[in-house]
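Breakdown of the fold
Below, each chain spelled out in residue letters.
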Amino acid sequence: MVDIEQQKSKANAFRQMHRGSNILVLPNAWDVVSARLFEETGFGAIATTSAGVAFTLGYPDGQKISREEMLARVARIARAVRTPVTADVESGYGNRPEDAASTALGVIEAGAVGMNLEDGTGNPAKPLSELPLQLERIHAVREAAMKTNVLLVLNARTDIYLDQVGPEGSRYDETLKRTIAFRDAGADCIFVPGLHDADTIGRLVKDLKCPLNILVGPGAPSVATLERLGVARLSVGSAIMRATLGAAKRAAEELKTSGTYAALEGGVPYGDLNNLLSR
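Residues numbered from 1 in each chain as written. Predicted model: local features only at pLDDT ≥ 70, side-chain atom pairs only at ≥ 80, totals over all residues. Heavy atoms only, no water.

1. As for the packing of aromatic side chains
Scanning all chains against the criterion turns up one aromatic pair. Ring centres of Trp 30 and Phe 38 lie 6.3 Å apart, and the angle between their planes is 75°; on these two criteria the pair is classed as edge-to-face. Under the relative-accessibility criterion, Trp 30 is labelled buried at 10%. Across from the ring centre of Tyr 172, 3.9 Å away, lies the NZ or CZ of Arg 203, which sits over that ring. (Phe/Tyr/Trp six-rings, centres within 6.5 Å; stacked < 30°, edge-to-face > 60°. Buried < 20%, exposed > 50% of the residue type's maximum accessible area, 1.4 Å probe, protein only. Lys NZ or Arg CZ within 6 Å of the ring centre and 35° of its normal.)

Below you can see the structure in the form of structure tokens.
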């Protein structure tokens, strides 16, 4: 059973993390043990990765997993850690504002205090949700959360840069138009994955005038650089989860080809994991 008063406190604390002098660095967990490891490392909040959760349950990314299965994993993660958890729930598992509201209520019931909401459709012919509809969905999330008194931190995402929507020269202006509208509709933070150019990121921070989330990985500006640019929040998406699969693939190939075990070095000791999950 979720302790609503504790959850309200976590939501407020998580919102304040977006307004501090230091950038909010969020690792993305895909299961309980990854979440516990991140908490043990000292992160003050944890995000989930929708792709990572989907992959571990045998689904491709892109809302192929059901809302129920995704939220069940979010709930297990939220119960397992003391830190605030924010949930990546893709596009809300349905096109209607009512679907986004139901997903927001499910996120709260799962014990999380934040959620991502994407505007990507997965349809190459029409890659972005119509802006008026997306704003209705943001309003629906806000209204649903207000009724519970758990003020979810809504991270509204646009996929213009990630999916390279439209001519390159028009992407910044379209991103700014959509994200300002998201902000004014009630989003607490704006998420622009696929944007890696430091100058453009700094320009967006200044023009947007609200917390900005950047997706990082190889080739992205460093944490220190993003902090200097004024970015409020960064996350890694499924990158850490996929790195673990890279290690598994290398170990399997070594075992198959040479029959040796060097790739297994550097793993977290068995006893450490057992102790981590025993509390």
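2. Describing the sheet that holds strand β3 (residues 46-48)
Think of a sheet as strands paired side by side through backbone hydrogen bonds, with each pair either parallel or antiparallel. Ordered by their spatial adjacency, nine strands build an open sheet running β1-β9-β8-β7-β6-β5-β4-β3-β2, and the pairing between neighbours is parallel. Single-partner strands in this sheet number two, and they are β1 (24-26) and β2 (28-29). (Pairing = 2+ DSSP bridges. Helix = DSSP H or I, 4+ residues; strand = E, 2+ residues; numbered from the N terminus.)

3. Overview of the pattern of salt bridges
Tallied over the full model, the rule gives eleven salt bridges. Between Arg 157 and Glu 118 there is a salt bridge; the shortest N-O distance is 3.3 Å. Here Glu 118 lies in strand β5 (residues 114-118) and Arg 157 lies in strand β6 (residues 153-157), a separation of 39 residues in the sequence. On the basis of relative accessible area, Glu 118 is assigned to the buried category, the value being 10%. The residue Arg 157 makes a salt bridge to Asp 159 at a minimum N-O spacing of 2.5 Å. Neither residue differs from the other here; Arg 157 and Asp 159 are each classed as buried. When salt bridges that share partners are traced, they join Arg 15, Arg 142 and Asp 188 into one network. (Salt bridge = Lys/Arg side-chain N within 4 Å of Asp/Glu carboxyl O.)

4. Brief notes about the pairing of strand β4 (residues 85-88)
Because side chains alternate across β4, one face comprises the buried residues Val 85 and Ala 87, and the other comprises Thr 86 and Asp 88, equally buried. Sheet topology places β3 next to β4; two bridges connect them, and they run parallel. Opposite Ile 46, over in β4, you have Val 85 as the bridge partner. Two elements, β4 and β5, share three bridges in a ladder whose sense is parallel. Within the sheet, the bridge partner assigned to Thr 86 lies in β5 and is Gly 114. The handedness of the β4 to β5 crossover, carried by helix α5 (residues 97-109), is right-handed. (Right-handed = clockwise from strand over helix to strand, strands pointing away.)

5. Some details on the layout of surface pockets
Here the largest pocket defines a volume of roughly 860 Å³. In terms of lining, the largest pocket is formed by 49 residues, of which the most central are Asp 61, Glu 118, Arg 157, Asp 159 and Leu 162. Looking at side-chain class alone, the lining of the largest pocket contains twelve nonpolar, 23 polar and 14 charged residues. Along the wall of the second largest pocket there are 16 residues; nearest its centre are Val 2, Gln 6, Ala 78, Arg 79 and Gly 111. Breaking the lining of the second largest pocket down by element, the ones donating at least two residues are α1 (4-17) and α4 (67-80). Tallying contributions element by element places α4 first for the lining of the second largest pocket, with four residues. Counted by class, the lining of the second largest pocket contains seven nonpolar, three polar and six charged residues. (1 Å grid on protein atoms, 1.4 Å probe; cavity = no way out; pocket = protein on both sides within 12 Å on 5 of 7 lines; lining within 4 Å. Points joined across faces, edges and corners; volume = space filled by probe spheres on them. Nonpolar A, V, L, I, M, F, W, Y, C, P; charged D, E, K, R; others polar.)

6. Description of a nonpolar patch on the surface
A surface patch of nonpolar side chains, about 370 Å² in accessible area, is lined by Leu 255, Tyr 261 and Leu 264. Its place among the elements puts Tyr 261 in the loop between α10 (239-257) and α11 (270-276). (Patch = residues over 30% accessible without salt bridge, like charges linked within 9 Å, V, L, I, M, F, W, Y side chains within 5 Å. Areas by Shrake-Rupley, 256 points an atom, 1.4 Å probe, with all protein chains shown as cover.)

7. Points about helix α7 (residues 171-185)
The end-to-end C-alpha distance of α7 is 21 Å, a good match for the 21 Å that 15 residues give at a rise of 1.5 Å each. Residues of α7 that are buried: Arg 171, Tyr 172, Thr 175, Leu 176, Arg 178, Thr 179, Ala 181, Phe 182 and Ala 185. Contacts from the buried residues of α7 go to α6 (131-148), β6, β7 (189-191) and α8 (198-208). At the C-terminal side of α7, Gly 186 shows a positive phi close to 125°. (Expected span 1.5 Å × (residues − 1). Contact = heavy atoms within 4.5 Å.)

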